[in-house]
Every structure is written in C-alpha cells, then in structure tokens.
Amino acid sequence: MNTHHTLKLCDRCYWDAASETVKLHHEIVPLTSNMKKLLKLLIGNYNKPISSVEIFLHIWDTYEQEYTPRNVRNLISNLRKRLPCLTVVNYYGGSYMLKKNRESHPVFTDHLIDILDQAKNGITISDPNQPDNPVIYINHAFANAFGYSPEEIIGKNCRFLQGDDRDQSALEEIRQAMKEQKDVTVILRNYHKSGELIYNEVTISPIFDKNTGKLKYYVGVQKDVTSIQQLIQQIKGMV
Ligand SMILES: Cc1cc2nc3c(=O)[nH]c(=O)nc-3n(C[C@H](O)[C@H](O)[C@H](O)COP(=O)(O)O)c2cc1C
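Residues numbered from 1 in each chain as written. Predicted model: local features only at pLDDT ≥ 70, side-chain atom pairs only at ≥ 80, totals over all residues. Heavy atoms only, no water.

Q: So what's going on with the overall build of the protein chain? Which residues, and what values?
A: In terms of helices and strands, the protein chain carries 9 helices and 12 strands. Seen through its principal axes, the protein chain has C-alpha atoms that stretch 75 × 40 × 35 Å. Counting over 239 residues, the protein chain shows a buried share of 39%. Taking all contacts inside the protein chain whose residues are at least 6 apart in sequence as the whole, residues at least 24 apart take part in 43%. As displayed, the protein chain has an accessible area near 14000 Å², and 52% of this comes from carbon and sulfur atoms. For the protein chain, the distance from the average position of its 29 positive side-chain charges to the average position of its 27 negative side-chain charges is 3 Å. (Helix = DSSP H or I, 4+ residues; strand = E, 2+ residues; numbered from the N terminus. Buried < 20%, exposed > 50% of the residue type's maximum accessible area, 1.4 Å probe, protein only. Contact = heavy atoms within 4.5 Å. Areas by Shrake-Rupley, 256 points an atom, 1.4 Å probe, with all protein chains shown as cover. Lys, Arg positive; Asp, Glu negative; His and termini not counted. Charge placed at Lys NZ, Arg CZ, Asp CG, Glu CD.)

This is the structure in structure tokens:
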C-alpha cells in the first residue's frame, strides 16, 4: 500500500488521495462528488472545527445557491451514513470536526483485527466511554451470524438485536453485571436481519486500562446456541 497517498481514516477504512476513493473492508465506498469534497476538507482539517459556512463555500463554490445550514447538515448526515466509522463532531453553532478515531483506539492494530476476524465465535467490542456504549468493532463471524454488514452495526448499541423482544430476565443480569463492572454470561433471544429467532449465548467482559484501572472497553463473545435451545424446548414440551 502506498503510504504517501493512503490515509487511514479509521479501522479498516482508508482514503486514497490519488484516486479520491475510500475503501472500507477492502471495498470501495460509493461517494458523491460533494461527499468527496467534504471528506477532503474534513481530512485537511483533522481535529479542527470548520464552520458550516466555510464548508458551504468550499462545496457549492458557484455562489449561485444561497447558503442554508440545512444543505451542509444533510451532506454531513449522508456522509455519516456511508461511513459510520467516521467520527464527525457537531458543535453548537454549526461547526463540524473530523476526529481521528485511531488516536482514541490505538490498540486495534490491523494484525489484531485480522486475527479476530478469523475467530469462529462472534466477537464485538464496545466503547462504554461513548454515549450509549456503541459497538466499535465486530468480527466476520458476528456479522455473518446476524446477516448485517459491519457498517450497519458499528455505532449502535447491541440491544437492537433484541428487536421488540425486550422482556428478557437475562437483560437484568447484564445491566447488573455492567453496573458492577463484572463478567456475565447469558442466553438472549436475538433476531437475524431476516427476522429469524437466534438464541445467542453471550459473554460480556469489562476491559480495564492496566495503568489507570479505568474501564476502557467491553468485549462480547457470542455463540449461536439455537439448535440446543430448540431441543431443550422440545424436551420441556414432552414432560
Ligand atoms: C460488548 C457487548 C456485547 C453485547 N452483545 C449483545 C448481543 O449480542 N445481543 C444482545 O441482545 N445484547 C448484547 N449486549 C447487551 C446490550 O448492549 C445491552 O447492554 C442490554 O440490552 C441491556 O441494556 P439495556 O437495558 O440498556 O438494553 C452486549 C453488550 C456489550 C457491552
């Protein structure tokens, strides 16, 4: 990979300056020309807020269109949809800033991710220091088991896998364990993207910073136990 032209935006996501393309998990992400202009501007101003007007003038440079913050907001939101792994911070007053994700998660080297991606069980990592503890990494086994692409999951809390089936006693066990920052293993009813029920045995473990002792991540290891659960239900029905 040509390091002069390729910039790592976030894990497994690269911006190629020469061809002006973004690759996520080795696949080119389709971007409109306005999204490309916006991304180039945000990259050029990493960790610095840029005003909405500045963005507008940079993108719609014909001066024919009147400035409205909504144009910029919509474009930012469309870019976020295409590249949910990017952290674009929105400041009150209409400024935007692209944050370097890698600085906040330096432990996830490509080598480590390659290893996790080959694991047979589902693996998820979440960031409890962000609002609502979103997932920041999922491996292939997890994505395949539930039929979602990483982009559809990253940035969300894992609870979306429960759908409307929220009345599960195991959830209280998870909440309690997380409150006490302890490990927990439970079986949850989850749903595949197609709507199919999956019994998911998940172990959630807190990961602490060795130096400060502060909670850094949660790691979830998921195993599909649907067939054994269905067998148990059948036996229960027989007795
Ligand atoms: C790392 C991690 C992995 C998780 N994996 C799952 C999962 O695979 N399925 C699921 O239904 N919930 C999973 N959860 C639990 C939910 O994110 C959430 O904690 C649970 O629904 C209870 O909290 P709530 O009441 O806020 O929803 C996971 C949580 C963490 C921290």
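So that's the structure; there's more coming.
Q: Before we move on, can you summarise the sheet that holds strand 3 (residues 21–24) with the specific residues and values?
A: An order of 1-2-3-4 is seen for the 4 strands of this open sheet, with the pairing classed as antiparallel. The sheet is open, and its two edges are formed by strand 1 (6–10) and strand 4 (27–29), each paired on a single side. Along the sheet, successive strands turn relative to each other by an average axial angle of 35°, direction set aside. The pairing of strand 2 (residues 13–16) with strand 3 spans 4 bridges and is classified as antiparallel. Directly across from cysteine 13, in strand 3, lies its bridge partner leucine 24. On top of the sheet, helix 1 (residues 33–44) reaches strand 1, strand 2 and strand 3; it is set at about 100° to strand 2, its chief contact. (Pairing = 2+ DSSP bridges. Axes fitted to C-alpha atoms, helices over the stretch in contact; angles between N-to-C directions.)

Q: Tell me about the domain arrangement of the protein chain, and please be specific about residues and values.
A: Interfaces are often described in size by the accessible area the parts lose on coming together. Segmenting the protein chain into domains produces domain 1 (6–102) and domain 2 (110–234). The gap between the C-alpha centroids of domain 1 and domain 2 is 30 Å. Counting residues at the interface gives 7 residues for domain 1 and 7 residues for domain 2. Interface area for domain 1 against domain 2, summed over the two sides, is near 660 Å², with a carbon-plus-sulfur share of 51%. Looking only at domain 1, the three residues that lose the most surface to domain 2 are Arg12, His25 and Pro84, adding up to 63% of its buried area. (Domains from an automatic or database assignment. Buried area = accessible area lost by both parts, 1.4 Å probe.)

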